[in-house]
Structure formats: C-alpha cells, structure tokens
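Below are the chains, spelled out letter by letter.
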Amino acid sequence: MQKKKLLSLLLAGATVLSLAACGQQTVTTNPSASNSPAPSESQPAGETATKPTEPTGQLVIGTTTDLENDFYDTSFNNNATNYKLYDLIHGYGTVTSDMEGEWIFDPTVVASHEEVENEDGTKTYTVTINEGLVWSDGTPITAKNYVFQLLLESSPEMNAVDGYPSQAGYPLVGYQEYFNGETDKFAGVHLVDDMTYSVTVSAAELPYHYDITYASAAPRPMHVIAPNCDVVDTPEGAMITGDFTSDLLIKTINDPTTGYRYNPTVTCGPYLFQSYDISSRQGVIVVNPSYAGDYRGVKPLIEKIVIKTVKNDTMINELASGSVDLLFQCSGADTINAGLDLVEDGKALDNTFYRNGYGKVQFDCSKFPTDSENVRKAIAYCLDRNQFAYQYSGGYASVVHAYYGMAQWEYQQSKDWIDKNLNTYEKNIDAAKLLLEEDGWTLNADGSAYSGTGTRYKDVNGELKPLVIQWCNTSGNPVSELLATMLPEAMAEAGMELKATTTDFPTMLSGINHTGETYNMYNLATGFALASSPWYYYSTDPVWMQGGYNSNWIADEELAAAAEALKPIPYDDTETWLTAWQNFIAVWNDKLPDIPLYSDEYYDFYSTKLHDWTSTSVWEWSRAVLDAWVEA
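Bear in mind that the values here come from a model prediction, so they are computed numbers and not experimental data.

## Looking at the overall build of the chain
Logical step 1: Scanning the chain from terminus to terminus reveals 20 helices and 24 strands.
Logical step 2: Its C-alpha radius of gyration of 25 Å places the chain within 12% of the 26 Å reference for a compact globule of 632 residues.
Logical step 3: Here the analysis covers contacts within the chain between residues at least 6 apart in sequence; of these, 72% occur between residues at least 24 apart.
Logical step 4: Carbon together with sulfur atoms contributes 47% to the accessible area of the chain, which is approximately 24100 Å² in total.

## Here's the deal with helix α8 (residues 333-344)
Turn by turn, an α-helix covers 3.6 residues, leaving residues three or four places apart pointing in a common direction.
Logical step 1: With twelve residues, α8 should cover 16 Å at 1.5 Å per step; its first-to-last C-alpha distance of 16 Å lies within 8% of that length.
Logical step 2: All of the buried residues along α8 are A333, T335, I336, N337, G339, L340, L342 and V343.
Logical step 3: Where α8 is buried, its residues meet α7 (315-321), β13 (326-330), β14 (349-354), α10 (385-393) and β22 (594-606).
Logical step 4: Two residues or fewer after α8 comes G346, characterised by a positive phi angle close to 80°.

## What to know about the state of the cysteines
Logical step 1: A complete count under the given rule lists zero disulfides for this structure.
Logical step 2: Take C365: it sits in no disulfide, and the sulfur closest to it among the cysteines is that of C472, at 16 Å.
Logical step 3: A relative accessible area of 8% means that C365 is categorised as buried.

## Let's talk about the domain arrangement of the chain
Logical step 1: Along its sequence, the chain is carved into domain 1 (91-262), domain 2 (271-355 + 602-630) and domain 3 (357-600).
Logical step 2: Distance from the C-alpha centre of domain 2 to the C-alpha centre of domain 3: 31 Å.
Logical step 3: In this complex, domain 2 contributes 15 residues to the contact, which on the side of domain 3 involves 19 residues.
Logical step 4: If you sort the residues of domain 2 by the area they bury against domain 3, A333, Y354 and R355 come out on top, with a joint share of 48%.
Logical step 5: If you look at where domain 2 meets domain 3, you find one salt bridge.
Logical step 6: Across the pair D600 and R355 runs a salt bridge, and its minimum N-O distance is 3.0 Å.

## What about the UniProt feature "domain: Solute-binding protein family" (unreviewed entry) in the chain?
Logical step 1: Feature annotation in UniProt places "domain: Solute-binding protein family" (unreviewed entry) on residues 114-539, given in this structure's numbering.
Logical step 2: Between the end C-alpha atoms of residues 114-539 there is a gap of 31 Å, over a span that is 27% helix and 24% strand.

## Comments concerning the side chain of T267
Logical step 1: Along the polypeptide, T267 turns up in the loop between α6 (246-252) and β10 (271-277).
Logical step 2: A distance of 3.5 Å separates a polar atom in the side chain of T267 from the backbone oxygen of I89.
Logical step 3: Among residues more than four places away in sequence, those in contact with T267 are I89, H90, W135, S136, Y260, L272 and N288.

## Some points on the side chain of H90
Logical step 1: One can find H90 in the loop between α1 (80-89) and β2 (95-97).
Logical step 2: The buried category is assigned to H90, whose relative accessible area is 15%.
Logical step 3: Here the side chain of H90 touches F71 through a polar contact of 2.9 Å, landing on its backbone oxygen.
Logical step 4: Leaving out residues up to four positions away in the same chain, H90 has contacts with F71, Y72, R220, Y260, P264, T267, G269 and P270.

## Comments concerning the packing of aromatic side chains
Logical step 1: Within the structure shown, the criterion is met by 42 aromatic pairs.
Logical step 2: When the ring of Y175 is compared with that of F186, the centres are 6.4 Å apart and the planes differ by 50°; the resulting orientation is tilted. Separated by eleven residues along the polypeptide, Y175 in helix α4 (residues 175-179) and F186 in the loop between α4 and β6 (189-193) bring together distant segments of the chain.
Logical step 3: An angle of 80° between the planes, with centres 5.8 Å apart, marks the rings of Y208 and W535 as edge-to-face. With a gap of 327 residues between them, Y208 in the loop between β7 (196-201) and α5 (222-225) and W535 in helix α17 (residues 534-537) connect regions that are remote in the sequence. When sorted by exposure, Y208 lands in the same class as W535, which is buried.
Logical step 4: Positioned above the aromatic ring of F368 is the side chain of K465, whose terminal nitrogen or guanidinium carbon lies 4.9 Å from the ring centre.

## Describing the pairing of strand β18 (residues 463-466)
Logical step 1: Strand direction decides the pairing type here: strand β17 (residues 457-460) and β18, joined by four bridges, are antiparallel. The partner of Y457 across the bridge, within β18, is P466.

## Re the confidence of the model for the chain
Logical step 1: Scored by pLDDT, the chain comes out at a mean of 91, with 93% of its residues at no less than 70.
Logical step 2: Taken as a whole, residues 1-47 scores under 50 in pLDDT and shows 157 contacts with residues more than four places along the chain or in a different chain.

## Some thoughts on the packing of α10 against helix α14 (residues 478-486)
Logical step 1: At a minimum axis separation of 11 Å, α10 and α14 run at an interaxial angle of 140°. What the angle tells us is that α10 and α14 run oblique. The way α10 lies across α14 gives a crossing that is right-handed. Residue-level inspection shows Q387, F388, Q391 and Y392 of α10 in contact with α14, the latter providing P478, V479, L482, L483 and M486.
Logical step 2: Looking at side-chain class alone, the contact of α10 with α14 contains seven nonpolar, two polar and no charged residues.

## Some details on the environment of P256
Logical step 1: When you line up the elements, P256 lands in the loop between α6 and β10.
Logical step 2: In this structure P256 comes out as exposed when scored by relative accessible area, which is 62%.
Logical step 3: With 186 residues separating them along the chain, P256 and D70 place their C-alpha atoms 9.9 Å apart.

## Topic: the environment of K465
Logical step 1: If you trace the backbone, K465 turns up in strand β18.
Logical step 2: Distance from K465 to L443, taken between C-alpha atoms, is 9.4 Å for residues 22 residues apart in sequence.
Logical step 3: Each residue touching K465, except ones within four places of it in the same chain, is listed here: F368, W441, R456, Y457, K458 and V460.

## Considering the pattern of salt bridges
Logical step 1: For the coordinates displayed, the defined rule picks out 25 salt bridges.
Logical step 2: R220 is paired through a salt bridge with D73; the nearest N and O atoms lie 3.8 Å apart. Within this pair, whereas R220 is found in the loop between β7 and α5, its partner D73 is found in the loop between β1 (56-63) and α1, the two being separated by 147 residues in sequence.
Logical step 3: The partner of K591 in a salt bridge is E373, and the shortest N-O contact between them spans 3.8 Å. Of this pair, K591 sits in helix α19 (residues 574-591) while E373 sits in helix α9 (residues 373-380); the two residues are 218 residues apart in sequence, bridging distant segments of the chain.
Logical step 4: What makes K591 buried here is its relative accessible area of 9%.
Logical step 5: For E373, a relative accessible area of 21% corresponds to the partly exposed category.
Logical step 6: Linked through salt bridges whose partners overlap, the residues forming this network are E373, K377, D556, E558, D590 and K591.

Calculation rules
- Residues numbered from 1 in each chain as written.
- Predicted model: local features only at pLDDT ≥ 70, side-chain atom pairs only at ≥ 80, totals over all residues.
- Heavy atoms only, no water.
- Helix = DSSP H or I, 4+ residues; strand = E, 2+ residues; numbered from the N terminus.
- Rg over C-alpha atoms; globule rule 2.2 N^0.38 Å.
- Contact = heavy atoms within 4.5 Å.
- Areas by Shrake-Rupley, 256 points an atom, 1.4 Å probe, with all protein chains shown as cover.
- Expected span 1.5 Å × (residues − 1).
- Buried < 20%, exposed > 50% of the residue type's maximum accessible area, 1.4 Å probe, protein only.
- Disulfide = S-S within 2.5 Å.
- Domains from an automatic or database assignment.
- Buried area = accessible area lost by both parts, 1.4 Å probe.
- Salt bridge = Lys/Arg side-chain N within 4 Å of Asp/Glu carboxyl O.
- UniProt positions renumbered as here; feature names shortened; annotations may be inferred.
- Polar contact = N/O pair within 3.5 Å; in protein donor to acceptor, adjacent residues only side chain to side chain.
- Phe/Tyr/Trp six-rings, centres within 6.5 Å; stacked < 30°, edge-to-face > 60°.
- Lys NZ or Arg CZ within 6 Å of the ring centre and 35° of its normal.
- Pairing = 2+ DSSP bridges.
- pLDDT = per-residue confidence, 0-100.
- Axes fitted to C-alpha atoms, helices over the stretch in contact; angles between N-to-C directions.
- Parallel < 35°, antiparallel > 145°, perpendicular 65-115°, else oblique.
- Left-handed = near helix turned anticlockwise from the far one by under 90°.
- Nonpolar A, V, L, I, M, F, W, Y, C, P; charged D, E, K, R; others polar.

Following this line, the structure appears as structure tokens:
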C-alpha cells in the first residue's frame, strides 16, 4: 500500500510539536507551492483521452457534509458544501481570488476601476462593468444589478427575511442610517451610469488589510427578486424605488417552492441550478451556456455535476464502484489509506494538499459553564491531543495549538516561536483539577466540601450548580467516536460530567448559530476564507456576535483587541502582520474558545475518467472543476 505521511507528526507519547497552520490569506512572499505537498506520484504523466471543446459528460461529487436546501449565500447558510455551490451558481463578482490566493479585480467582469482617498479620510472606489454579461435568461447585467445587491443586502427589508444580517455595505458611509431605516438612500453607494457604480468606505473602517475587497460587489437579478422596482441615484446616495418591502422579499426569496433562496432560476455563474431532492439531499447543476468565464476566461467543460452525500465508512467503496467520481478533501487514516490502495491498484487518482483550517472542539462561550476560561482549559487538559491526532489520522495530521492550520504562511515562519510561546495543553488531570478549584468548583451536591470523586458543584448566587458539559456531535463521525472514547472518563476524574447528544449536521449547526437548542461544545472542522477576518470572528460588537462570524459567542475584550490589531495592517506589510498575528494567537491560546485538535493533509480521490484535476488550499474544488473534464 502506498502511504505518504506528514513527517512533522511524532508518535503518540512523544513531545508535542508546534505544527501547521491555517487561516489567513497566502501572500506574495509565500507562493502557494510552498504550502502544498509534492504532487502525488500517482498522477499520470500524460493523457490519452481527447479533451472536449464543448461541455460534455457528468461528474458525481461525493460529500460527507449534507447539501442543504439553501442556495442564496453564506449569510443564510454557511454549510461547507453549500458554500462551494454558491461559487458555482452565482458569479461575476468584481473582486475575486486567483490560483495563488491573491485578490484581484476580475477582468472578465471589470472594464476599469479607480480608487480615490478623500480629504475626510474616506476612500471611494469606482468600478465599471464590462458590457455583454447576461443573466441565464438573457437579461443584460448592468451596474444596477451590483448596486441593487449592495442596497438589498444592507436593507432592513432584507433583515426581515429570516433574520438575514444585511451587512453587505457595513463598511460604507451611511450604512447604519440605511440599515436602521432612517433613510431610503445609501449615502456610500452611487449608480454612476448604466455600467458604473461607486462605493465610499467610512474613515472608521480604514485602513484595512484586505482593502481591495471593499470594492467588491456581486450582481443580483432585480427583475426576479424585486420585480417592478428600480435602482436610481440621487445626490444623497442610491435608492431602490417601487414597492420594495419585506413582504415582497419574503415572497420572492423565502417562498419554499418558488423563492430565490431555494429555487434560484436566474443566475450568472458557471453552472445553473437544476434540482434538489430533500429526502436524499442530492443536488444537480448543469452548465450555463451564457457564462463568460472566470478571471482567466475559463469556462466549464463538464456538462452536469451531481452533488451527493456519502458516508465516511463507505465512500471509498462508492468511488471504486463508480457511483461517485470525486471525493474531495478526504481526511483520516482509514479513508486515506483505503483511497491510496485504489490509487496503487490503478483504479483511482489522487491529489493532495495541506488544509486551510483545522478540526476542533468548539465552545459556546456564552453558555454556563463554558463561559468560564478555566472550565474550557480544564476540558483541554483532559484530552491527549497528540494521541487523538495520531489515532484519527494515522500520521496524516498534526496537532495545532491555536487558530491556525497547515496551509498558512504565518505558521511556516513561526514554528520556533510557537514552540516557545504557546501552551500545548498536554494531558494533565491535576492541572484540570486545579483550574476548576480556582474557578469555585469545590462542593459536593449537598454543599459540603468536594470529596474528590463524582461531579463537582459550584455555588452560583446561592444556587448549587453541577459541572455538566453538554456536548453535541454528529452521527457516523469518526472524530465524535474517538472523542467519546477519550474524554468522558478523563473529565469524570477531574470532576466533570460529559453529556453527549448525537444528531445530524443541520441540527448541530442550528445550535451553534443559536437558532436551535444550544450546547456547551461541538466537534466539527472549519475552513478559512481567503479574506479570513478574526477581527469579526472574535469581535464583541453585537453586529458580529452571530453564527458565521463570532460563532463561539465569546465576549472577551483582550481577544477582540488582539484580533482587531490585525485589521489595519497594510496587505504588503508582512513583518508587522506576522508580529500582530503571533500576539493574536498567543492571546487566543490563553482564552481557548476552541480546543484545536488537528490540521491535516487533505486528499482528493477521483475516477480515472476525470482529467486535469488540480485543487489546493487556496483553489478549492468549486474553482478547480472549471479546468477539469471527463471522458465521454
């Protein structure tokens, strides 16, 4: 059997290494090639099939995260599978990322752009859209569609649609007044002409590390979402005219049968939504013949893509049988080794790269008793993370100690610093007990001094409360199964009771987002956006205290300040950024909103009929599919 393991992971029981990172955008000083393992030896040296010139064939993609019935954007649903499907259905954003992970204006979309620093400290971006772009129904795309998106997704009317956060224009002048409904004109947004819009960024939001993204907008089909409405410009800002109400949007967006959120019939991405089966959670998309191409002008050559749910313990068998053609971002020893067996037998091919994210136990820091830093640390001290990472990955993952992962350049330049400065939280039940005693967990159920066995209690405003940790996990998850064997006994020894609830991923996500039953902790994995923004993820501002942003619900001023210090650093000032990043992860490591478990080496396993497949930590499968093709 062919095996390729990370050299950096020591066997269980050895000293924990300060390893591998995730999280921030790759910068020009660190090319993406240095973030990825060498190409697999199983890659064929040349192709014998003929590459088609027109879209043809079908690709069945297997995912372990169910595709959900939600196709608008991440503000409604940030499920990882849905997240990537948005990339394929919706398109023509003015700012995009290239194959190296750099932010650029998309030349397929943008004819010209300029930025002006104003005397009052604001900055204005003016963007002109290329002519000739059309919606899938043939309607021309103009600057009005971009302005409509900014107005729509910043409006109180949209906020009334299932609590959509309406933050698209948050950094722009006049956002708060517009969002509050104090005015129907957005001062920081202007429709300059039919093909040009401008946005003015508030001085309070400058400087900004990813400042190019402030110029970004993506079109929305106004004729579908707000029929009989229009976008007009005034000296006080752009506005939507006509019968633009929350009732209208609840009908056009949120209707379970015809709403744009569930049935996006008019789009402009490389693929068109065709169908979704709620019972099987299978989705089908087909090529968009009107698509003008990505930033390189590349158009898809695969006619139909099917997204289907697969299970960890059977998905390699499905690849072998041909019921799926691609398994992306596979992790864990059992899956990887089985996949490599297929590769060695010539029945599949593989592609490998380091993860831009990490697996974790995520705490809800607003919920008793995990609102206590000491309790969170005590739980961490009950887990042998080195042993966990090895048992789970079989050598394809590394232990991490904070908000970082293996595909991050900051980690690569901070290995020695991390070794010297971060708490590795090696398993230590005595340390856990001491932390709990310091936190006041010193009583038995009858109020007497803690006997040393059983569940600890604490007097909270005259009420005795037990040290019970409610844990939500998902079924069929090898990480959940391994945690269930390693945590309960150790936590009980320290005086904590772990109560597990096993459910499906959507239910768990509703708990994390505070839209369903909440728990103290969850186990899952996270992947970082290229414009990873910890100043939002750990902000104490109520605007960001929500699922998808501050999903830990942690209100810690020191952590928020350390994250905020990154925000104004110029993108090319890597030295200052690295110093601030190190301080941020040191504070994070002390506050411990998650228990970071591992960052791993991902494998894509795919059928030999799929050609030109190359995905990386910054060029994920939803982008890679545009270059790929299948044999007829």
